[in-house]
Amino acid sequence: MNELDSEIMVGLLEKRGLQRVNDENVADLLLFNTCSIRDLAERKVMGKLGRMSREAGARQKIIGVTGCMANAKKESLFRKLPHIDFVLGTNNIHHLNEVLDEVLVSGKQSIRTDDQFTFELDYLAAKRESKIKAFVSIIRGCSKYCTYCVVPYTRGEEVSRHPDSIIEECKQLVDSGYKEITLLGQNVNSYGNDQPDWNCHFHDLLYRIDKIPGMERVRFMTSHPVDITRELMEAIRDLKSLCEFVHFPVQAGSNRILKKMHRMYTVEEYLEKVQMLREIVPGVTLGTDIIVGFPTETEEEFQQTYNILEQIEYTVGFIFAYSARKGTPALRWKDDVLEEVKQDRLQRLMHLQERINAKQQQELLGTELEVLVERQNYKDSQMMKGRARNFHKVIFPGEDSLVGTLQQVRIHSYSHQTLVGEIVKRNAA
Ligand code: SAH
Ligand code: SF4
C-alpha cells in the first residue's frame, strides 16, 4: 500500500514537471513515505531525518514526511524535526502539489492529516517502476481494529473504490502491457461492505476483472480470515486469471491470544476455512503473518502458533515480534514478553518456515511451473527471475527479451527461497 502511495506521489509530482532522481544529494525535494506498523520502521526514519538536520546540504532542500507516521505523529513532527517543511497524511496524498505550493510561496511549514479517506485521489496518476506488475488499490483504510494495530488510526476506516474506476484502471494497465495486477486492501474481503448500493462484493469484482480481455494474472492482498467466503474460494477455482495463492494471516495459534488480539476467529474456525479452501482449490498455496510475543503470550501459547505453522505449511510466512503502538488498545497491557524471548520465538518460527519451504521446494523438483518473467536476476545476469502462479520465486537461464512473457519452466533444483529450472519450450516474446 505504501509502495503504491509512493508511485502515485511520484506521478503527481511529474505532472507538475518535476523529475525523479536516484541520488538524494542532487534532489531539491525529498519525500519520506513512512510506515508506523512497528517501532523499528519509525525509528529508522526519525534517525535518518535527525542526521539530515545536521547536514548543511539537506537544509537547502524541501523535505516532506508523508505516510502513516504523518497521521500518527502530526504536528509533533515539526517540534522534533524543525527542519522538515511539510507533513502529509495517508488520506491527503491528493493535496501534495497544493502543500508544496504553499511551502514554496510562504516558506512556512504546512500540514494536512485528515483522519478519513475521501474519493479525491487520482489513482491513475501512479508512475510505476515495473512495466509488468502493478498494484491496484480497491479499498483503503481498515475497520477491523485488531488491538495491536495502528492502521485504523493512521489510515482511517474502510472506504471501497467504485468498481468502474477499478475496472478502468485495470483495462488501462492491460492496454499498456501489464501482465499481473495485485488488488490491494488491508482486508480485500470486506470490499463493497461500506457501499451496499453498489451490490458488488469482492468476488463480484473479481469476475468483472477476469473478463477484461488480455488480463493474464490477478492476485490480491490481504485477506482477513473472518471475511473469506466460499464464493471467493470458488472464484479462485473458476477464474482463469486469478492465481492460486492466498495471503491469509493467522497471527497466532492460541484462542486466548486471538481473542485478546480481537481477530474474531478461533483456531478451529481458521483451520476449517483452510480445509474448505484446500478442498475447493486443490494445490492452492497460502501465506501468513504471525506476531510473536504479544502481551502475556506464554511458551505453551507460542508452541500452539508453532504447531499451526507446522500443520498448515504456508509457502510464505512473515513473522514479526510484537511492537507496542501508541493509540492502540493493546497498549493497556504490559509489553511483558522479554525482548530476548520474542527474538528467540521469532528465530524458532523462521527456522521452521525455512524447513517447510525446503520441503515444498523438494516436492516441486521435476514439475513444470508457469512463470511470469519479471527481470534479470540481480545475483546472476545470465538468469531471469519470475514467479509462478503459486507465488514461488523461480530463476532460469534466459535473456532480457523474455521479460513480460509467460514461460513453462521445469524445476531441477533450488537454492534458499528460490526454485531453479529451465524453460521447457520457449513462448514467443
Ligand atoms: N491488513 C493486513 C495486515 C496489515 S499489517 C491483515 O490484517 O492481514 C501487516 C502485518 O504486520 C500484520 O498482519 C501483523 O502481523 C503485523 N503487525 C501489525 N501490527 C503489529 C504490531 N504492533 N507489532 C508487530 N507486528 C504487527
Ligand atoms: Fe491491522 Fe487488523 Fe486491520 Fe490488518 S485487519 S490492518 S492487522 S487492524
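In the neighbourhood of ligand 2, the contacting residues comprise Cys 142, Lys 144, Tyr 145, Cys 146, Tyr 148, Cys 149, Val 151, Pro 152, Gln 186, His 224 and Arg 263. Broken down by class, the residue content of the shell around ligand 2 amounts to seven nonpolar, two polar and two charged.

The domain boundaries assigned to the chain delineate domain 1 (2-112), domain 2 (123-362) and domain 3 (368-425). On the side of domain 3, 19 residues touch domain 2, which itself brings 22 residues to the contact. When the two sides are added together, the surface that domain 2 and domain 3 hide from each other amounts to roughly 1,700 Å², 53% of it contributed by carbon and sulfur. The three residues of domain 2 that bury the most area against domain 3 are Ile 132, Arg 217 and Gln 361, which together make up 39% of that side's buried surface. Our count for the domain 2 to domain 3 interface comes out at three salt bridges.

A few words now on the sheet that holds strand β5 (residues 133-137). Read across the open sheet, the three strands follow the order β5-β8-β9; overall the sheet is parallel. The strands lining the two open edges of the sheet, one partner per strand, are β5 and β9 (217-221). Adjacent strand axes in the sheet meet at a mean angle of 25 degrees when their direction is disregarded. Pairing geometry for strand β8 (residues 180-184) and β9, over five bridges, is parallel. When the sheet's bridge partners are listed, Thr 182 is paired in β9 with Arg 219.

Attention shifts here to the site of ligand 1. Near ligand 1, the surroundings consist of 15 residues, among which Tyr 148, Gln 186, Gln 251, Asp 289 and Ser 323 are the closest. At 3.1 Å, a side-chain N or O of Arg 38 approaches an oxygen atom of ligand 1. Contact with the protein chains removes 90% of the 540 Å² of surface that ligand 1 exposes when unbound. Where the shell around ligand 1 is concerned, the elements lending two or more residues are β11 (285-292) and β12 (316-321). Class assignment for the residues of the shell around ligand 1 results in seven nonpolar, four polar and four charged.

The next point concerns helix α9 (residues 202-210). Of all the residues in α9, the buried ones are Phe 202, His 203, Leu 205, Leu 206 and Ile 209. One side of α9 holds all its buried residues, which, seen down the axis, span an arc of 155 degrees. On its buried side, α9 packs onto α8 (163-175), β8, β9 and α10 (230-238).

Our focus in this paragraph is the packing of aromatic side chains. Inspection of the entire model under this criterion finds nine aromatic pairs. Relative to Phe 294, the ring of Tyr 148 has its centre 6.3 Å away and its plane inclined at 85 degrees; by these criteria the two rings are edge-to-face. Of this pair, Tyr 148 sits in the loop between β6 (139-140) and α7 (151-154) while Phe 294 sits in the loop between β11 and α13 (299-312); the two residues are 146 residues apart in sequence, bridging distant segments of the chain. Judged on exposure class, the residue Tyr 148 and its partner Phe 294 are both buried. Note on Tyr 265 and Tyr 270: the rings are 5.9 Å apart at their centroids and 35 degrees apart in plane angle, and the pair reads as tilted. This pair shows no difference in class: Tyr 265 is buried, exactly as Tyr 270 is. Three or more aromatic residues joined by ring pairs make a cluster, and in this case those are Tyr 148, Phe 294, Tyr 322 and Trp 333. Between the NZ or CZ atom of Lys 260 and the centre of the ring of Trp 333, over which it lies, the distance is 4.0 Å.

Each strand in a sheet pairs with its neighbour through backbone hydrogen bonds, running either in the same direction (parallel) or in the opposite one (antiparallel). Sheet architecture is closed into a barrel: five strands sit in the order β13-β14-β15-β17-β16, paired in mixed fashion. The mean angle between the axes of side-by-side strands here comes to 50 degrees, regardless of whether they run parallel or antiparallel. For strand β13 (residues 368-377) and strand β14 (residues 380-388), the ladder comprises six bridges, and the chain directions are antiparallel. When the sheet's bridge partners are listed, Val 373 is paired in β14 with Gly 386. Most of the contacts of helix α14 (residues 339-364) go to strand β16 (residues 406-415), to which it runs at about 125 degrees, and overall it touches β16 and β17 (418-423).

Running from N to C, helix α12 (residues 267-280) and α13 cross one another at 10 degrees; their axes reach a closest spacing of 12 Å. In terms of orientation, α12 lies roughly parallel with respect to α13. Here α12 contributes Val 267, Tyr 270, Leu 271, Val 274 and Arg 278 to the contact with α13, which in turn contributes Ile 308, Gln 311 and Ile 312. In terms of residue class, the contact of α12 with α13 is built from six nonpolar, one polar and one charged.

Counting across every chain of the model gives 35 salt bridges. Arg 155 is the partner of Asp 5 in a salt bridge, and the nearest nitrogen-oxygen pair spans 3.0 Å. Within this pair, whereas Asp 5 is found in helix α1 (residues 2-15), its partner Arg 155 is found in the loop between α7 and β7 (159-160), the two being separated by 150 residues in sequence. We note that Asp 5, like Arg 155, is buried.

We now examine the side chain of Thr 328. Mapped onto the fold, Thr 328 is located in the loop between β12 and α14. Take Thr 328: its relative accessible area is 5%, and that puts it in the buried class. Residues within four places of Thr 328 in sequence aside, it is in contact with Thr 147, Tyr 148, Cys 149, Val 150 and Tyr 153.

How each quantity is defined
Here the residue numbers are simple positions, counted from 1 along each chain's written sequence. Going through the entries in the order they are written, you letter the chains from A and number the ligands from 1. Predicted model: local features are reported for residues with pLDDT of at least 70 only, side-chain atom pairs are reported and counted for 80 or more only, and whole-chain, interface and lining totals are derived from all residues. In computing side-chain properties, one takes all heavy atoms of the structure into account and sets aside hydrogens as well as water. Residue proximity to a molecule or strand is established when one non-hydrogen atom of the residue lies within 4 Å of it. Gly falls in the polar group here, along with every residue not listed as nonpolar (Ala, Val, Leu, Ile, Met, Phe, Trp, Tyr, Cys, Pro) or charged (Asp, Glu, Lys, Arg). Here the limits of each domain have been adopted from an automatic or database domain assignment. For this analysis, residues touch if any pair of their heavy atoms sits within 4.5 Å. The term buried area denotes the loss of accessible surface (1.4 Å probe radius) that occurs when two parts are joined, taken as the sum for both partners. Salt bridge, as used here, is a side-chain nitrogen of Lys or Arg placed within 4 Å of a carboxyl oxygen of Asp or Glu. Strands are treated as partners if at least two bridges between them are detected by DSSP. Numbering of helices and strands runs from the N terminus; a helix is a DSSP stretch of H or I covering at least four residues, while a strand is a stretch of E covering at least two. In this analysis an axis means a line fitted to C-alpha atoms, helices contributing only their contacting stretch, and an angle means the value between N-to-C directions, from 0 to 180 degrees. Identification of polar contacts relies on pairs of N or O atoms within 3.5 Å, with a donor-acceptor requirement for protein atoms, meaning one able to donate a hydrogen and the other able to accept it, and with residues adjacent in sequence counted only if both atoms are side-chain atoms. Using a 1.4 Å probe, accessible areas were evaluated by the Shrake-Rupley method; residue-level cover was limited to the displayed protein chains. In this scheme, a residue with accessible area under 20% of its type's maximum is buried, one over 50% is exposed, and one in between is partly exposed, where area comes from a 1.4 Å probe on protein chains only. Of all possible arcs, the one meant is that of the directions from the helix axis to the C-beta atoms. Centre distance within 6.5 Å is the pairing criterion for rings of Phe, Tyr and Trp, where only the six-membered ring of Trp is used; planes under 30 degrees apart are then read as stacked, over 60 as edge-to-face, and the remainder as tilted. Geometrically, a lysine NZ or arginine CZ counts as sitting over a ring once it is within 6 Å of the ring centre and also within 35 degrees of the ring normal. Should an angle fall under 35 degrees it is taken as roughly parallel, and over 145 as roughly antiparallel, whereas 65 to 115 is taken as roughly perpendicular and any remaining angle as oblique.

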